[in-house]
Amino acid sequence: MTLKAPVIFEPLPMKRVWGGRLLDTHLHKTLPPGTPIGESWEIVDRPEAQSVVHDGPLKGKTLHELWTDLRLEVFGASVPASERFPLLIKILDAREKLSVQVHPPADVAKTLGGEPKTEMWYFLKCDPNAKIYAGLKKGVTRERFESLLRAGKVEQAIHEIPAHQGESIFIPSGRLHAIGGGNLIIETQQNSDTTYRVFDWNRVGLDGEPRTLHIDQSLLSIDFNDIEPSLSTPHGEDIAKCDFFDVQKWKIETPRQANEKLAFSIFTPVEGEVTCCGLSFNVGQFFLVPATLNTAEILPHKGNAEVLRITIA
């Protein structure tokens, strides 16, 4: 099959107690009415959630079908031989603080029956005084952390970092973290949905009941040597590069080749508007340029633009 245009998927909105409506009002995504939406799953291949192609010759096909049946044409020959597409990409609208949580490292995940997850956050929009939490404060030992946890005062143990539009942070598995209210974030992660909540600010869920915590699993997963990490420092265009994904930030001032080799790339504008193969894309709209579409270019539209380019490492 010869593909002549990028692949565009239908976003999947997810209800969350800490969510809001910014995915609609700021990014113009279609949301169900009357409920807080905290996440838009943009690229996902999981048993419980599937990205579906919006239009074109592949309309109606799921990401899993593309990964299974058209892997060479869409993704190229250099991708891993995994059962499912190995990344999950979301936009998060955190109107309130998320729970303090941790994702298990691979060895712990195997023991606990979960999935490891390393991720990165790109701050698309931040309210004044917005912040995140990552790692532990200096001087906080495991014993001190457990004491504060029993007292319901975990906020005294975790490291606070101011958040600003255009910045990013890498969250390896094992890092204690939480997103503060007032952040609109693009998240790129391993294809995993294992999250252990260790503290939820003593609040209740949408059903009026306290949300489930995973204290024992969290204590096994937290890296207690992870002290006061900082925001990511870009290395050229790379803003997050690890064994699982490579996220770059491109300035689009003139036409630029989308794929430098026979491999796929996923793009989303974070400033301005771009075009690719005659299609226009605004901030927060995702499109996948197939490996076989090696002549495609990303062009600025109505002035300069910036895009995130996401690939498998």
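Figured I'd write up the structure that's included with this text. This is a predicted model, so every value here is computed, not measured. (Residues numbered from 1 in each chain as written. Predicted model: local features only at pLDDT ≥ 70, side-chain atom pairs only at ≥ 80, totals over all residues. Heavy atoms only, no water.)

## Concerning the pattern of salt bridges
Applied cut-off: The working definition used for a salt bridge is a side-chain nitrogen of Lys or Arg within 4 Å of a carboxyl oxygen of Asp or Glu. Runs of E in the DSSP output that reach at least two residues are strands. Runs of H or I that reach at least four are helices, and both are numbered from the N terminus. Relative accessibility under 20% of the residue-type maximum defines a buried residue, over 50% an exposed one, and the middle range a partly exposed one, all with a 1.4 Å probe and only protein chains included.
Per the stated rule, a full pass over the model turns up 18 salt bridges. The closest approach of N and O atoms between Glu-39 and Arg-16, which form a salt bridge, is 3.5 Å. One end of the pair, Glu-39, is in strand β2 (residues 37-43); the other, Arg-16, is in strand β1 (residues 12-20), with 23 residues separating them in the sequence. The buried category is assigned to Glu-39, whose relative accessible area is 7%. Residues Asp-200 and Arg-203 are paired through a salt bridge, measuring 3.0 Å at the closest nitrogen-oxygen approach.

## Digging into the environment of Ser-221
Looking at the secondary structure, you find Ser-221 in helix α6 (residues 215-221). On the basis of relative accessible area, Ser-221 is assigned to the buried category, the value being 2%. Through-space distance from the C-alpha of Ser-221 to that of Val-102 is 6.8 Å; in sequence the pair is 119 residues apart.

## Looking at the sheet that holds strand β12 (residues 183-190)
Stated formally: Any two strands between which DSSP finds at least two bridges are classified as paired. To define axes, lines are fitted to C-alpha atoms, for helices over the stretch in contact only, and angles between the resulting N-to-C directions are given on a 0 to 180 degree scale.
One open sheet accounts for six strands, arranged β1-β2-β5-β12-β7-β10; its pairing is antiparallel. Edge strands, defined here as strands with exactly one partner in the open sheet, are β1 and β10 (168-171). Here the strands of the sheet are splayed against their neighbours by 25 degrees on average, with no regard to which way each runs.

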